[in-house]
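Descriptive structure summary
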Amino acid sequence: MPTLKFTDQHEWLLIDGVTARVGITGYAQGQLGDVVFVELPDSGTHFKLGDEAAVVESVKAAAEVYAPASGEITNTNTEIENNPEIVNTDPQGIGWFFEMRLSDISETETMMDEQGYKKFISEL
């Protein structure tokens, strides 16, 4: 059964075994405003926890999307490169950014669950 986790950098991970699908949260998208450009990493790229993995630009600002855990990019959502507005309408669904094979699953143990993330953003 996949597990949904959140980072304090407003990324979500849907973890299934040692694979995670990653994107930005609805809160992050709301703060950015209308997303107009997304730059994704190449498949096969390795990242350490906290490395800059992708870039998202909106009408308001540009922001980095950080690797929420260490691992290798196995797939990217090229659909959002061609149609970045998908991130505006469904950031935690079809607006996902990339999938990665986690090299150290224990890095996800301290991440927030959905309830914890809702509490976190309510205090911002």
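Everything in this summary refers to the structure shown in the same document. The structure presented is a predicted model; accordingly, all values stated were derived computationally and were not measured.

**Digging into unusual backbone geometry**
Excluding glycine, residues mostly carry a negative phi; peptide bonds, for their part, are mostly trans. Unusually for a residue other than glycine, histidine 10 sits at a positive phi of about 70°. Along the polypeptide, histidine 10 turns up in the loop between β1 (3-6) and β2 (11-16).

**Points about the nonpolar core**
Counting residues in hydrophobic clusters, the biggest one holds 26 residues, and the most contacted among them are Val38, Phe97 and Phe98. Looking at this core, the elements that each hand over two or more residues are β2, β3 (19-24), α1 (26-32), β4 (35-39), β6 (52-58), α3 (85-89) and β9 (98-102). Those residues in contact with valine 38, other than ones at most four positions away along the chain, are Val55, Val56, Ile80, Glu81, Pro84, Val87 and Phe97. Of all hydrophobic cores here, the second largest spans five residues; its members include Phe6, Trp12, Met112 and Tyr117.

**Details of the sheet that holds strand β5 (residues 46-47)**
Taking strand neighbours across the sheet as the criterion, the six strands line up as β1-β2-β3-β9-β8-β5 in an open arrangement whose pairing is antiparallel. Each having just a single partner strand, β1 and β5 make up the two edges of the open sheet. Sheet analysis places β3 next to β9, joined by four bridges and oriented antiparallel. Pairing of arginine 21 across the sheet is with glutamate 99, part of β9.

Calculation rules
As a convention, each chain's residues are numbered from 1 in the sequence order in which they are written. The predicted nature of this model means local features are confined to residues of pLDDT at least 70 and side-chain atom pairs, given and counted, to a pLDDT of 80 or more, with totals for whole chains, interfaces and linings taken over all residues. Heavy atoms from the whole structure form the basis of all side-chain values; hydrogens and water molecules are not counted. Think of it this way: any DSSP run of H or I at least four residues long counts as a helix, any run of E at least two long counts as a strand, and we number them from the N terminus. Only buried Ala, Val, Leu, Ile, Met, Phe, Trp, Tyr and Cys residues count toward a nonpolar core, and they belong to the same one when joined by side-chain atoms within 4.5 Å. Whether a residue is buried, partly exposed or exposed follows from its accessible area with a 1.4 Å probe, protein chains only, as a fraction of its type maximum: under 20%, in between, or over 50%, in that order. Residue contacts are defined here by distance: any two heavy atoms, one from each residue, within 4.5 Å place the two residues in contact. DSSP bridges decide pairing: two strands pair if at least two such bridges lie between them.

Interpretation in functional terms is not warranted from these geometric data alone.
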